[in-house]
Amino acid sequence: MEKTGAQIFVDSLMEQGVETIFGYPGGNVIQIYDALYDADINHILTRHEQGAAHAADGYARASGRPGVCLATSGPGATNLVTGIATAYMDSVPLVAFTGQVSSALLGRDSFQEADITGITMPITKHNYIVKDISELARVVKEAFYIATTGRPGPVLVDILSDVAAARTSQEDCGPVNLPGYRPVTEPDPEQLNRAARAIARAERPVIYAGGGVVSAGAHNELRLLAELILAPVATTLMGLGGFPGDHPLALGMLGMHGSKYANFAVNECDVLIAVGVRFADRGTGKRDLFARDAVIIHIDIDPAEIGKNVEVDIPVIGDVKKVLAGLIERLEKKLPGAWQEKIQKWKKEYPITYEENGRLKPQQVIREIFKVTNGQARITTDVGQHQMFTAQHYTFTRPRTFISSGGLGTMGFGLPAAIGVQVACPDEIVFDIAGDGSFQMNVQELATAVNYQLPIKVAIMDNGYLGMVRQWQELFYNRRYSYTELINPDFVKLAEAYGAVGMRVTRPDEVASALREALDIPQPVVIDFVIEREENVFPMVPPGAPLNKMLG
Amino acid sequence: MRHTLAVLVENNPGVLARVAGLFSRRGYNIDSLAVGRTDNPAISRMTIVVEGDDRVLEQVTKQLHKLIDVIKISDITADEYVDRELVLIKVSAEPEKRGEIMQIADVFRARIVDLGRRTMILECTGNEGKVKAFEESLRPYGIKELVRTGKIAMLRGSRYTSITTNGSREDE
Amino acid sequence: MEITAAEALVRCLEEEKVEVIFGYPGGFMIPVYDALYHARIKHVLVRHEQGAVHAADGYARATGKVGVCMSTSGPGATNLVTGIANAYMDSVPLVIFTGQVPTSQVGTDAFQEVDITGITIPITKHNYLVKSAQDLPRIIKNAFHIATTGRPGPVLIDLPMDVAQTRINFEYPRQVNLKGYKPTYRGHPLKIAEAAQLIKQSRRPVIYAGGGIISSGAHEELLKLAETISAPVTNTLMGLSSFPGDHPLFLGMLGLHGTRYANIAVTECDLLIALGARFDIRAASKFDAFAPHAAVIHVDIDPAEIGKNVRVDVPIVGDVRLVLQELLPLVEKTDRSEWLARIQELKEQYPLRYQRGNGLKPQLVIETLYRHTRGEAVIVTDVGQHQMWVAQYYRFKRPRSLVSSGGLGTMGFGLPAAVGAQLGVPDQQVILITGDGSFQMTIQELATLKEQELPVKIFMLNNFQLGMVRQIQHYYCEGRYMAVDFKFHPEFITLAKAYGIKGYTVRTEEEVQEIVPQVLSEPGPVLVNCLINPGENVLPMVPTGRRIDETFEC
């Protein structure tokens, strides 16, 4: 039977089990949208393509399945760029489809033409431009394969409009043939042995766990290993939820705004077991002083991460879940000793805390959100102070419940991501903890949330500043607040204009009741928390300092 | 038809990406591209062999000119020029076959640059036709590995392509 | 005296007489923002970096000066991509600064690191990653030179934070030295003479004028040429406002949604004088059947545009204004009454028209705006049906009075561009005509509009859907409408109020007649939500792949 390229596209998505795509139509995806008209695929129409990319990203982070977004050529494609880069930095499996001008017009600066494969080369795991209908099915198959295997990441597929319109009777798409792409998932037994020996000898082990634990689904193995060897676990921002935050061995987040005890523990450990992390600068502080007395074991699926930022003693390349299982097999139960005592002492001595002074504090709001949701909500954040407060004050216990832009640090991520998360997890509570600056960046997506009746809750930590930049200006630039003060819209009215429920909270004693009220409303709710304006995120490792030299 | 372009560029980081990206996004086919520094360390020279009719070539040239780092482009296809390519071929060479292979090397004025127990590496320079013939002659013995540099080219006689001239011209 | 490179950056901008910067701060841009703290240059804080680049673009289009914007690294930089591509496609001079992670961290996937110079290679005229602080003044000098000369375009400068903090001996270079960049300004005299000869021989010439007229400031020469040789003038979308919209020789826009008479005139002409235009598909529709009976003269500053899409008989590479100045003395006053009579006949036979009744018609809103502004306002548009109606029904009188995204067709361009335009021309009436889809895309910039107290008047032609895509689905997908209907619509008036902006909703012709003069005389920003007939299509229209005279109409 003859099929059009657009039908092949839709069939390929169905074959991949895609249930939902996020998109925005346009001239060069007309054929594809026409094929979607009859397809059994849920299409969520956003209000800006950036929203579509972030929503697909949120969907992927929450579900573990690849997120799919679709945009037209030119501005539609370029509007995806930030979302693709965000997914790339955090290794999120995303497949982005873009329309492209027809072959006759390609390369001529035609209307709505942009070289999106060229543009996205630095920010995709791989990308394709499909110029021939005979390649389309295979390319789509490969795109999903590449996005979801090995170290996950975004793949972009640019489809010429005449390819979508063309017809073919070709049935078989041919096998996936990628000689240059063979991720190593099985760890080398000898490296496992070496790692196990080092761990067995360790007196002061620390596990440093990152997003790789979450994306490999290795959270159970991580907990088993930690409990077996009684190693405290510090996580990166991306690793939050990969280890239960309420576990006695949990150290919370390390790094620039990590807990003091996490940073002290890493500083003093003799064996550092780095699991699915990349030693990013926000986590390590001054790198040459990071865990400097420790034997470093680095477990990662991506060989290029080994030795990139710090020197590693024992690298183990492979799927994190398999590596951890292999280590557990090789190790014996340890008994608590001085190290574990020291950790508990630090935890008591330097708890994550904040100063209560009768004014509304963001930390309080986040703790209250934790309470009213029993720590079971899916939390998305934007980027800035509120993101760090969330990482510090909300105790994440399940993987894929903390959804945040780590590597790229994208303001405006939270709201569209929450939309994707709610689509993926329709029966769960989804909270977007946002800043007033970040929230405005993709505020148009409130229309999407209301349109699809997604009952997400948005908590705006409203301090009238770009707070994180202001904090740096306060601490390092003599309080010269250069263009960081914001004049904001009336967020309550804004929410109402979008058909959401708007609330405003200005006092500490109103927080709990407002949150409970919001949870009872089966619609999107926006709560404007008017917080203390110049609250700072502490503790803080100043840029260029080692982890144990913390302010606050 | 195939054209050979001599392109002088400023030796800035990313200049290769700019040129390669241009060819890809405009849909031009590069046959080969060789790049290296010139006598002036601030200037690199690319030899690009590109496939296309006159119209395509006109576009290629004009679009290349728009890159700020591109100083000069000469299409030397129609001129008298010397072109060379270097190839390294690792070929199966059991002891009893070595004599034959060395004879072939002689014919092509190729050099033996490595001798293993069962293989040897031969180095040959020449124009495309010669390199191809050399490869074909070795094929029956079993080519294990082959690497080519891509073509480099230079005008014959006293004419030259350099940044001080506005188009290649006869030297005084 | 030694100053930091960040301070030097500000000094360079002062040297380049930059008056306003659009930007959004962030971690790796803090040193530059700190240097801006005491600077005289006005900085406009937007609410999303996309807003910054479109605003700088709108500023540049409305004023003819270079637009400047800045953002931090990572997401700040990637948020600029659409705006940069937009400026690139329409040849708008922009200089863009992005922060970058410290040099030692470049290439390590550090926090908020992105390879923005790599990403923007295809969409900038040129870009720089500054590796040494001492190079910065020279790079900035080059960037302004490249952005504003030849065929203008965006240039990006990526500045690592440690470089910004490094102290240097500041000296602003007087000259640029770019071996590979020497635009041709003067047309070849022989080619110009050949063009004059063709013009002399021609019986049915048409001038096809594009955005190059505006960027080279050749509108007076264009008028003189058209009147001297009695040639009717048609504009591309980007060319609109380069020729008086009420002039008898004016044919309006050609192409996909051009006037029927422009399209027929181009098809019948025996000489096409293309000035600063690039024969885009939306104008030419079918390259090999465009102006099929004509010899073609093509004047453009960019040699790569000549012969790219359409064969050309007389190519002239040069600045359009300078070329026309050379050409004008060579042409004689010519009477082409037969041809002009034919043009008049076409205009009478196929006027632009729409049917009244059946709700509020968008064309009427634009005609009303035209009447009350006498074609003197600066009109900013978004992308979609409303953009085409503006192109058809607003008759522009002055160059740079239309600010619109032509090549990239960027929805969401309008509002931030209007912010930039109004800052550039504070004494002129700036009107944003937008659609409900486009307006939502960058709606956050209402906060910027309010903060800057800019009296932009926003007329949103609201049909509760993505009208242009719906129109395409109507004609090409048998009315199978997919993902074009916004089932939910915000309360736009409440939304405007949330941002402290006044709003009105109009539903009828009478209300439009009443509200337009009222709103135009109000101070401050105002939103007018015009509920138009949702079924309205942009006509005439050339079906895909057809010759431009094969249009259909209502």
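It should be emphasised that the depicted structure is a prediction, and the values quoted were computed from it without experimental measurement. (Residues numbered from 1 in each chain as written. Chains lettered and ligands numbered in written order. Predicted model: local features only at pLDDT ≥ 70, side-chain atom pairs only at ≥ 80, totals over all residues. Heavy atoms only, no water.)

**Student:** For this particular structure, what's the right way to read the overall build of chain B?
**Tutor:** Secondary structure summary: chain B contains 4 helices and 9 strands in total. Secondary structure elements of chain B occur, N-terminal to C-terminal, as β-α-β-β-α-β-β-α-β-β-α-β-β. Expressed as lengths along the three principal axes of its C-alpha atoms, the size of chain B is roughly 55 × 40 × 30 Å. The buried share among the 172 residues of chain B stands at 44%. Long-range pairs, those at least 24 residues apart, make up 72% of the contacts in chain B with a sequence separation of at least 6. In the structure as shown, chain B presents an accessible area of about 9,200 Å², 49% of it carried by carbon and sulfur atoms. Between the averaged position of the 27 positive side-chain charges in chain B and that of its 26 negative side-chain charges there is a distance of 4 Å. (Helix = DSSP H or I, 4+ residues; strand = E, 2+ residues; numbered from the N terminus. Buried < 20%, exposed > 50% of the residue type's maximum accessible area, 1.4 Å probe, protein only. Contact = heavy atoms within 4.5 Å. Areas by Shrake-Rupley, 256 points an atom, 1.4 Å probe, with all protein chains shown as cover. Lys, Arg positive; Asp, Glu negative; His and termini not counted. Charge placed at Lys NZ, Arg CZ, Asp CG, Glu CD.)

**Student:** Just to check I follow, could you spell out the pattern of salt bridges for this structure?
**Tutor:** Any two side chains of opposite charge can pair, given that their charged atoms come close. If you walk through the whole model with that rule in mind, you get 73 salt bridges over all chains. Put simply, A:Lys361 and A:Glu532 hold a salt bridge, and the shortest N to O gap is 3.5 Å. In this pair, A:Lys361 sits in the loop between α15 (338-349) and α16 (362-372) while A:Glu532 sits in the segment after β20 (525-530), placing the two residues 171 residues apart along the sequence. With a closest N to O distance of 3.9 Å, C:Asp135 and C:Arg138 form a salt bridge. Accessibility expressed as a relative area gives 42% for C:Arg138, which makes it partly exposed. The network of salt bridges with common partners includes A:Asp109, B:Arg26, B:Lys66, C:Arg151, C:Asp302, C:Glu305 and C:Lys308. (Salt bridge = Lys/Arg side-chain N within 4 Å of Asp/Glu carboxyl O.)

**Student:** Sorry, what's going on with the interface of chain C and chain B here?
**Tutor:** The extent of an interface is frequently quoted as the accessible surface area lost upon association of the parts. Tallying the contact residues gives 21 residues for chain C and 20 residues for chain B. For the pairing of chain C and chain B, the buried interface totals around 1,600 Å² over both sides, and the portion due to carbon and sulfur atoms is 51%. Taken together, the links from chain C to chain B amount to 2 salt bridges. Between B:Lys66 and C:Asp302 there is a salt bridge, and its shortest N-O distance comes to 2.5 Å. (Buried area = accessible area lost by both parts, 1.4 Å probe.)

**Student:** What exactly am I supposed to notice about helix α17 (residues 385-393) of chain A here?
**Tutor:** In an α-helix, one full turn covers 3.6 residues, which means residues spaced three or four apart are oriented alike. With 9 of its 9 residues buried, α17(A) lies for the most part within the structure. Listing the buried residues of α17(A) in full gives A:Gln385, A:His386, A:Gln387, A:Met388, A:Phe389, A:Thr390, A:Ala391, A:Gln392 and A:His393.

**Student:** It is not clear to me how the interface of chain A and chain C should be interpreted in this structure. Could you clarify?
**Tutor:** Between chain A and chain C, the contact holds 80 residues from the first and 84 residues from the second. At the boundary of chain A with chain C, total buried surface from both sides reaches about 7,000 Å², with 62% on carbon and sulfur atoms. Broken down residue by residue, the surface that chain A buries against chain C is led by A:Phe111, A:Met441 and A:Tyr483, which jointly contribute 11%. For the pair chain A and chain C, the number of links is 5 salt bridges.

**Student:** Quick question: what am I supposed to make of the domain arrangement of chain A here?
**Tutor:** Residues and elements named next belong to chain A. For chain A, the domain assignment lists domain 1 (3-168), domain 2 (189-349) and domain 3 (362-530). Computed from C-alpha coordinates alone, the two centres of domain 1 and domain 2 are separated by 37 Å. Domain 1 puts 6 residues into the contact, and the matching count from domain 2 is 6 residues. When domain 1 packs against domain 2, close to 500 Å² is buried across both sides, 54% of that on carbon and sulfur atoms. (Domains from an automatic or database assignment.)

**Student:** Mind showing me how you'd approach empty space enclosed by the protein here?
**Tutor:** Taking a probe equal in size to a water molecule and rolling it over the atoms shows the remaining empty space. Inspection of every chain in the model, using the stated rule, returns 2 cavities of 30 Å³ or more. If you add up the space inside the largest cavity, you get close to 140 Å³. A:Gly107, A:Asp109, A:Glu113, A:Ala114, A:Asp115, B:Arg25, B:Arg26, C:Ala85, C:Tyr88, C:Met89, C:Pro122 and C:Ile123 are the residues that line the largest cavity. At the level of elements, α1 (15-26) of chain B together with α5 (81-89) of chain C are the ones that each hand at least two residues to the lining of the largest cavity. A per-element tally of the lining of the largest cavity places α5(C) first, with 3 residues. A:His48, A:Gln50, A:Thr78, A:Asn79, A:Val81, A:Thr82, C:His48, C:Gln50, C:Thr78, C:Asn79 and C:Thr82 are the residues that line the second largest cavity. Here the residues of the lining of the second largest cavity sort into 1 nonpolar, 10 polar and no charged. (1 Å grid on protein atoms, 1.4 Å probe; cavity = no way out; pocket = protein on both sides within 12 Å on 5 of 7 lines; lining within 4 Å. Points joined across faces, edges and corners; volume = space filled by probe spheres on them. Nonpolar A, V, L, I, M, F, W, Y, C, P; charged D, E, K, R; others polar.)

**Student:** I keep staring at the domain arrangement of chain B and nothing clicks. Help me out?
**Tutor:** All names here are of chain B. Each domain of chain B was delimited in the assignment, giving domain 1 (2-75) and domain 2 (82-152). For domain 1 versus domain 2, the distance between C-alpha centres works out to 29 Å. Across the boundary between the two partners, domain 1 contributes 7 residues, which contact 5 residues of domain 2. Between domain 1 and domain 2 we count 1 salt bridge in total. When the shortest N-O distance is used, the salt bridge between Glu128 and Arg2 registers 3.4 Å. Remark: the boundary between domain 1 and domain 2 carries 3 residue pairs in polar contact (both at pLDDT 80 or more). (Polar contact = N/O pair within 3.5 Å; in protein donor to acceptor, adjacent residues only side chain to side chain.)

**Student:** Honestly, the packing of helix α9 (residues 189-201) of chain A against helix α14 (residues 320-330) of chain A in this entry has me stumped. Any pointers?
**Tutor:** Geometrically, a packed helix pair is captured by the angle between its two axes and the distance between the axes. All names here are of chain A. Across the interface, α9 lies against α14 with an axial gap of 9 Å and an inter-helix angle of 55°. Comparing their axes, α14 and α9 come out oblique. Handedness of the crossing formed by α9 with α14: right-handed. Here α9 contributes Pro189, Leu192, Asn193, Ala195, Ala196 and Ile199 to the contact with α14, which in turn contributes Val323, Gly326, Leu327 and Arg330. (Axes fitted to C-alpha atoms, helices over the stretch in contact; angles between N-to-C directions. Parallel < 35°, antiparallel > 145°, perpendicular 65-115°, else oblique. Left-handed = near helix turned anticlockwise from the far one by under 90°.)

**Student:** Explanation requested: the sheet that holds strand β19 (residues 502-506) of chain C in the structure shown.
**Tutor:** Strand pairing in a sheet is mediated by backbone hydrogen bonds. Such pairs are either parallel or antiparallel. Residue and element names in this part refer to chain C. Strand order in the open sheet formed by 6 strands is β16-β15-β17-β18-β20-β19, with parallel pairing between adjacent strands. Each having just a single partner strand, β16 (402-403) and β19 make up the two edges of the open sheet. In terms of strand pairing, strand β18 (residues 457-462) meets strand β20 (residues 526-531) through 6 bridges, oriented parallel. From the neighbouring strand, Met460 faces β20, where its bridge partner is Asn529. Contacting β17 (430-435), β18, β19 and β20, helix α23 (residues 509-520) runs over the sheet at an angle of about 160° to β19. (Pairing = 2+ DSSP bridges.)

**Student:** Is there a simple way to explain unusual backbone geometry in this structure?
**Tutor:** Most peptide bonds take the trans configuration, and most residues that are not glycine carry a negative phi. Cis geometry is adopted by the peptide bond preceding A:Pro539, which originates at A:Phe538 and carries an omega value of -5°. Position of A:Pro539 among the secondary structure elements: in the segment after β20. Note that the residue after C:Leu539, namely C:Pro540, is joined by a cis bond; omega there is 0°. Within the secondary structure, C:Pro540 sits in the segment after β20. Phi is positive for C:Phe279, close to 50°, though the residue is something other than glycine.

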